[in-house]
Amino acid sequence: MAQEKNENEGMPTNAFLIVNGSDVFPLKKPIVTIGRMEDNDLVIAEVRISRYHAQLRVVKGQYVLVDLKSTGGTSVNGEKVSQVVLYPGDVISLAGIPVIYGLSPVAQIHDEEKPDVKARFRRTEQPTKAITDSVELANIDNYLDMFDDPTDHD
């Protein structure tokens, strides 16, 4: 008889997403849904984001990003993807909205309820720079240049 495996076994510790350049969303579940609807784990209230846009799944100890056939598409580091293993520093574009994946053995992510990211999400004219207490991502402006400008209608 096979022994049941703990669903959290092999989960990356201290994994997080940076949304809107400063909102840190700790990844503490083996499956994390991202989208516009309130029942997602990470809600991004932006019209370009699909109701159920993407999902993060733990596979063999790593988070895998899966696009849920979103209208606006998903890319990682400028490459359109349907499914991809994430690595620290990867810049994810959800329909042009930048999200950064991080993983730090020294990060102290506090146990909090689901952060109210959607309430603080806002469009800015300035490029977003992402810095947390434990992780500094160099040359973020170079990554952000990969994203389409939603106001550019060429």
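In what follows, the structure referred to is the one given above.
Analysis parameters
- Residues numbered from 1 in each chain as written.
- Predicted model: local features only at pLDDT ≥ 70, side-chain atom pairs only at ≥ 80, totals over all residues.
- Heavy atoms only, no water.
- Helix = DSSP H or I, 4+ residues; strand = E, 2+ residues; numbered from the N terminus.
- Buried < 20%, exposed > 50% of the residue type's maximum accessible area, 1.4 Å probe, protein only.
- Contact = heavy atoms within 4.5 Å.
- Core = buried A, V, L, I, M, F, W, Y, C linked by side-chain atoms within 4.5 Å.
- Phe/Tyr/Trp six-rings, centres within 6.5 Å; stacked < 30°, edge-to-face > 60°.
- Pairing = 2+ DSSP bridges.

Asker: Run through the environment of I31, naming residues and quoting values.
Answerer: Along the chain, the position of I31 falls in strand 3 (residues 31-35). Residue classification places I31 among the partly exposed residues on the basis of a relative accessible area of 45%. In this structure the C-alpha to C-alpha distance between I31 and V58, which are 27 residues apart in sequence, comes to 6.6 Å. Apart from the residues lying within four places of it in its own chain, the contact partners of I31 are D41, Q55, L56 and R57.

Asker: How would you summarise the nonpolar core if you had to cite specific residues and measurements?
Answerer: One finds L17, L27, I44, L56, I92, L94 and Y101 to be the most contacted residues of the largest nonpolar core, which totals 23 residues. Only strand 1 (15-19), strand 2 (23-27), strand 3, strand 5 (54-59), strand 6 (62-67), strand 10 (91-94) and strand 11 (97-103) provide two or more residues apiece to this core. Contacts of Y101, omitting those with residues within four sequence positions, involve P12, A15, F16, L17, L27, Y63, L86, Y87, P88, G89, D90 and I92.

Asker: Quick one: what's the story with the packing of aromatic side chains, residue by residue and with numbers?
Answerer: Using the criterion set out here, one finds one aromatic pair in the structure. Each ring, one from Y63 and one from Y101, has its centre 6.3 Å from the other, and the planes form 70 degrees; the classification is edge-to-face. In this pair, Y63 sits in strand 6 while Y101 sits in strand 11, placing the two residues 38 residues apart along the sequence. Its relative accessible area of 0% is what places Y63 among the buried residues.

Asker: Can you explain the sheet that holds strand 11? Please cite residues and give values.
Answerer: Judged by pairing direction, the sheet is antiparallel, and its six strands sit side by side in the order 2-1-11-10-7-8 without closing on themselves. The strands lining the two open edges of the sheet, one partner per strand, are strand 2 and strand 8 (79-80). Two strands pair when backbone bridges link them, and strand 1 and strand 2 are joined in this way by five bridges, in the antiparallel orientation. In the strand pairing of strand 2, V19 is matched with D23.

Asker: Explain the sheet that holds strand 9 (residues 83-85) to me, and be specific about the residues and the numbers.
Answerer: Taken in spatial order, the five strands line up as 4-3-5-6-9 in an open sheet, and their pairing is mixed. The strands lining the two open edges of the sheet, one partner per strand, are strand 4 (42-43) and strand 9. Note: strand 6 against strand 9, three bridges, orientation antiparallel. Looking at strand 9, one finds that L65 is bridged to V84.

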